[in-house]
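Chain by chain, the residues run as shown.
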Amino acid sequence: MQNGAVREAFVGKAWSVEGPYGERNRFRKIMRALLQRVSRASVVVDDTTVGEIGHGFLILLGIGQGDGEVQVKQLTDKIIHLRVFEDDEGKMNRSLLDSDGQVLVISQFTLYADIRKGRRPGFTNAAPSLVAEPLVEHFKEAIAAHGIKVEGGIFGAHMGVELLNNGPVTIWMDSEEL
């Protein structure tokens, strides 16, 4: 490699990045979401409620290195049609759309915690703020485009999240597995 250039190549489901000194770093394009079916949820920043919903999903959203619009579309399409809300017979048979559900989205880079070494987690697989923040906003807009009420926290702020889990129903999603 010449003049400190960085070279990227897409290999399967991961980008291989070669830095200026020949070092390699592989990261996958995997957006992560932890969904919790809630009766209600809210988020507080500096003693002020900045987002609040009734029944629906609290979504903790992790944006990883290399994530983009493809991963936003994969997750939002699955989330809005996921049938985990009860019908009249008590069966999980209704989607967010069918049940007039709402969504509270909280950016959560700690979903990318790497705890394989030592006692302090590393977060190098999480996207940097300049990449993650616009993707979180795009994610919220993509859900709202379906007529769903979407609220959110404040990116990068220390937030207090309160919820009443309904079920409980908690679902882990990786865009790579959809």
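Residues numbered from 1 in each chain as written. Predicted model: local features only at pLDDT ≥ 70, side-chain atom pairs only at ≥ 80, totals over all residues. Heavy atoms only, no water.

Caption draft 1: Quick look at the nonpolar core. Counting 27 residues, the largest nonpolar core has Phe57, Ile59, Leu61, Ile79 and Phe139 as the members making the most contacts within it. Those elements giving two or more residues to this core turn out to be strand S4 (32-45), strand S6 (56-62), helix H1 (69-81), strand S9 (102-107), helix H2 (129-144) and strand S11 (160-174). Looking at this core, the element that brings in the most residues is H2, giving 6 residues. With near-sequence residues (within four places) excluded, Leu61 lies in contact with Met31, Arg32, Ala33, Leu75, Val105, Ile106, Ser107, Gln108, Leu111, Val136 and Phe139. (Core = buried A, V, L, I, M, F, W, Y, C linked by side-chain atoms within 4.5 Å. Buried < 20%, exposed > 50% of the residue type's maximum accessible area, 1.4 Å probe, protein only. Helix = DSSP H or I, 4+ residues; strand = E, 2+ residues; numbered from the N terminus. Contact = heavy atoms within 4.5 Å.)

Caption draft 2: Up close: the pattern of salt bridges. Per the counting criterion, the structure on display carries 5 salt bridges. The shortest N-O distance in the salt bridge between Asp174 and Arg32 comes to 3.5 Å. Residue Asp174 is found in strand S11, and its partner Arg32 is found in strand S4; the two are separated by 142 residues along the sequence. Residue Asp174 is classed as buried on the basis of its relative accessible area of 10%. Close ionic contact of Asp77 with Lys73 constitutes a salt bridge, the shortest N to O distance being 2.8 Å. (Salt bridge = Lys/Arg side-chain N within 4 Å of Asp/Glu carboxyl O.)

The analysis is restricted to geometry; functional conclusions fall outside its scope.
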